[in-house]
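One-letter residues, chain by chain:
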Amino acid sequence: MPTSMTMRPLTGLACSVLVGGLGVAYAAAPAAAGGATLDVATTGSDANSGTADAPLRTVQEAIDRATPGTTIRLHKGTYSQELEIRSSGSAGAPITVTAAGDGPVTVTSAQAPDGCGARQPSSRRTINVSGGADYWTFTGLTIVNGVYINGEGTGKTYAWHAGLAKKGQWEPRRKVPGTSKNDPVAAKGAVPYLANLLHADLDPSEHIEFIGNTMTGRGIYATLANYGVVKDNTITNILCGTGPGVWVMNFSNFWEVSGNDISKIAASTWKHYMQEGIRFGSAANYNRIVGNTVHDLPGDGRAFNTDVDGSFNLFQNNIATNVAIGFNDQMAGWGNTWVGNRASKYRTYCFGFRLKDATLRTPSLNSSTNMSTISNNTCSSPVSGAPALGIGAVMKSSFNANTFPKVMLGTYVPGYWAKQGNTWNGSSKPPAEG
């Protein structure tokens, strides 16, 4: 678990912030008329009007002019500039950045490398969404050096939650609406609750979408951001010390991550969380992770991972190949569903459930897997006889119709299995080891 976070400086005008849980609107700078199209070309000029015949030169200029409903069309070529997004589209009128269709488009920026021993996600990204900006869609692009989505006030919510986790205090963490039981309606009140609790101005970035892009160098990192979409992208050749291919955390709820192909996340010299395929952690809840493929991760890279209260998430029909651990429900995952997933060529485990709690005599509400559903998953072709399933500590969870050819349990798991409400193929008896 990262112990600190570097937040990008916020400049310019945000469209809104939550002050003590109340919305306060701010005026945006003059921009193109809503619903307009802005063209950008490597041969253009930022003094132009932004039409097809008189395109702009930089993507940032188009971003600054855009209003709800604007489509920014990038003509073929490479655009090198760190992009700052602080304004918003709206429901039914997002701002779209897309390839114009006349050739490949690359959006990149010159970024200093991160040390392979870095302990937190790199903030050196090409696309930076900050201040609670909402409703942006990026599609059909090659994006080099990735994306950083940073809701307003994220540092305060992260510090509060991480501090409680470090102290082992689970009760205040689970008082946030929608975190103690499966209640997505209640979860919509999480941010107002936190704003009032922390006396903080909070404004999540919402409805930020990346569809059908290719990403290299750095992946997507999102914190205090809701309703995001990461769909049908290829994310590969990610530099060491930058973080996972897709990392969503810190009360980021209701995401769809589907149909992506993620591979080659360079090994970190720190810990596993800096080199995973798809990671949801720090109370990122009610997210759908469906139909993704994660493969060819070096070191102890995990393909799909939840951690530190990531709860009520759905992992369905995903594939993991040539990784250390295929699917991992780590610290205090409550109510996660793992169904129809497949892993092969796993080096350590195919599935792991709070492996670190293997020495506990009984499961812990602070750290152990709780209320999970695991069904119709398949593990095959282990490397050097690696176990298919490892359980450190688990409670109130059901395992049904899975293909787990080799099982390893924590020392005390068989003794408390039934008392803690666990079932294996409908029986209260624990699975046989080996």
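The structure under discussion appears in the preceding block.
What counts, and where the lines are drawn
Residues numbered from 1 in each chain as written. Predicted model: local features only at pLDDT ≥ 70, side-chain atom pairs only at ≥ 80, totals over all residues. Heavy atoms only, no water. Helix = DSSP H or I, 4+ residues; strand = E, 2+ residues; numbered from the N terminus. Rg over C-alpha atoms; globule rule 2.2 N^0.38 Å. Buried < 20%, exposed > 50% of the residue type's maximum accessible area, 1.4 Å probe, protein only. Contact = heavy atoms within 4.5 Å. Areas by Shrake-Rupley, 256 points an atom, 1.4 Å probe, with all protein chains shown as cover. Disulfide = S-S within 2.5 Å. Polar contact = N/O pair within 3.5 Å; in protein donor to acceptor, adjacent residues only side chain to side chain. Pairing = 2+ DSSP bridges. Phe/Tyr/Trp six-rings, centres within 6.5 Å; stacked < 30°, edge-to-face > 60°. Lys NZ or Arg CZ within 6 Å of the ring centre and 35° of its normal. Arc of directions from axis to C-beta. Salt bridge = Lys/Arg side-chain N within 4 Å of Asp/Glu carboxyl O. Core = buried A, V, L, I, M, F, W, Y, C linked by side-chain atoms within 4.5 Å. Expected span 1.5 Å × (residues − 1).

Trainee: Can you tell me about the overall build of the protein chain, naming the residues and giving the values?
Mentor: The helix and strand tally for the protein chain stands at six helices and 38 strands. In terms of C-alpha radius of gyration, the protein chain reaches 22 Å, essentially the compact-globule figure of 22 Å for 434 residues. Per-residue burial for the protein chain yields a buried fraction of 56% across its 434 residues. Taking as baseline every contact in the protein chain between residues at least 6 positions apart, the subset at least 24 positions apart corresponds to 71%. Accessible surface, the protein chain: about 15,800 Å² in total, of which carbon and sulfur atoms supply 53%.

Trainee: Any details on the state of the cysteines? Residues and values, ideally.
Mentor: Inspection of every chain in the model, using the stated rule, returns two disulfides. Listing the disulfide partners of the protein chain by sequence rank of the bonded cysteines yields 1-2, 3-4.

Trainee: So what about the environment of Gly259? Which residues, and what values?
Mentor: Checked against the element boundaries, Gly259 lands in the loop between strand S21 (256-258) and strand S22 (261-265). Taking the relative accessible area as the measure of exposure, Gly259 reaches 35% and is therefore partly exposed. Spatially, the C-alpha atoms of Gly259 and Thr411 are 38 Å apart, while their sequence positions differ by 152 residues. Ignoring any residue separated from it by four or fewer positions in sequence, one finds Gly259 in contact with Asp232, Asn233, Val290, Gly291 and Asn292.

Trainee: I'd love a proper account of the side chain of Thr154, names of residues and values included.
Mentor: Within the fold, Thr154 resides in helix H2 (residues 154-167). On the basis of relative accessible area, Thr154 is assigned to the buried category, the value being 2%. Within the local environment of Thr154, its side chain forms a polar contact with the side chain of Asn250, the two groups lying 2.5 Å apart.

Trainee: Go over the pairing of strand S30 (residues 342-353) with me, naming the residues and quoting the values.
Mentor: Working note: regular strand, side chains alternate between the two faces of the sheet. As defined by bridge partners, strand S28 (residues 319-329) adjoins S30 across eight bridges and the pair is classed as parallel. Residue pairing across strands places Ile319 opposite Arg342, the latter belonging to S30. Where S30 lies against strand S33 (residues 378-380), three bridges are found, and the strand directions are parallel. Paired with Arg342 across the bridge in S33 is Thr378. Where S30 and strand S34 (residues 389-391) come together, three bridges link them in parallel fashion. Looking at the pairing, Phe353 lines up with Ile391 of S34.

Trainee: Before we move on, can you summarise the packing of aromatic side chains with the specific residues and values?
Mentor: Counted according to the given criterion, the structure contains 22 aromatic pairs. On the numbers, 4.8 Å between centres and 5 degrees between planes, the contact of Phe138 with Phe210 is stacked. With Phe138 in strand S10 (residues 136-139) and Phe210 in strand S14 (residues 208-211), this pair connects stretches of sequence that are 72 residues apart. Judged by relative accessible area, Phe138 falls into the buried class, the value being 2%. Residue classification places Phe210 among the buried residues on the basis of a relative accessible area of 1%. A network of ring pairs unites the aromatic residues Phe304, Phe315, Phe327, Trp338, Phe351, Phe353, Phe399, Phe404, Trp417 and Trp424 as a single cluster. Between Arg119 and the ring centre of Trp270, over which it is positioned, the NZ or CZ distance is 3.7 Å. Between the NZ or CZ atom of Arg174 and the centre of the ring of Trp334, over which it lies, the distance is 3.9 Å.

Trainee: Give a description of helix H5 (residues 190-198) that names residues and reports values.
Mentor: Buried residues of H5: Ala190, Val191, Leu194 and Ala195, and no others. For H5, the angular spread of buried residues about the axis comes to 130 degrees, placing them on one side. Phi turns positive, to about 50 degrees, at His199, one or two residues after H5.

Trainee: Could you give an account of the pattern of salt bridges, with specific residues and numbers?
Mentor: According to the stated counting rule, one finds nine salt bridges in the structure shown. One salt bridge connects Glu276 with Arg279, and the closest N-O pair in it is separated by 3.1 Å. Neither residue differs from the other here; Glu276 and Arg279 are each classed as buried. Beyond isolated ion pairs, a larger network of salt bridges with shared partners links Asp114, Arg124 and Arg218.

Trainee: Any details on the side chain of Ser122? Residues and values, ideally.
Mentor: Of note, Ser122 is situated in the loop between strand S8 (105-108) and strand S9 (127-130). Contact partners of Ser122, with chain neighbours within four places excluded, come to Asp114, Tyr148, Arg218, Gly241 and Thr242.

Trainee: Please give an account of the nonpolar core that cites residues and values.
Mentor: In this structure, Ile72, Leu74, Trp136, Ile149, Phe210 and Phe404 are the most contacted members of the largest nonpolar core, which totals 75 residues. Ranked by residues supplied to this core, first place goes to S30 with five residues. If we skip the residues at most four places from it in the chain, Ile72 touches Leu38, Val40, Ala62, Ile63, Ala66, Ile95, Thr96, Val97, Thr98 and Trp136. If you look at the next biggest cluster of nonpolar residues, it comprises twelve residues, including Leu164, Ala190, Leu224 and Phe251.

Trainee: Before we move on, can you summarise unusual backbone geometry with the specific residues and values?
Mentor: Despite not being glycine, Leu224 has its phi angle at roughly 50 degrees, a positive value. Taking relative accessible area as the criterion, Leu224 reaches 0% and is therefore assigned buried. Notably, Lys396 is not glycine yet its phi reads approximately 50 degrees, a positive angle. Its location among the elements puts Lys396 in the loop between strand S35 (394-395) and strand S36 (398-400).

Trainee: Describe H2, and please don't skip the residues or the numbers.
Mentor: A rise of 1.5 Å per residue sets the reference length of H2, with its 14 residues, at 20 Å; its end C-alpha atoms lie 20 Å apart and thus fit the reference within 8%. Buried residues along H2 sit in contact with strand S12 (147-150), helix H3 (170-173), H5, strand S16 (220-223) and strand S20 (246-249). Directly beyond the C-terminal end of H2, a positive phi value near 75 degrees is found at Gly168.

Trainee: Could you give me a rundown of the environment of Gly310, with the residues and numbers involved?
Mentor: Summarising the element assignment, Gly310 is placed in the loop between strand S26 (302-307) and strand S27 (314-316). Looking at Gly310, the relative accessible area reads 0%, which means it is buried. Considering only alpha carbons, one finds Gly310 and Val323, 13 residues apart in sequence, at a separation of 21 Å. Those residues in contact with Gly310 that sit more than four places away from it in its chain are Phe280, Ala283, Ala284, Asn285, Ala332, Gly333, Trp334 and Asn336.

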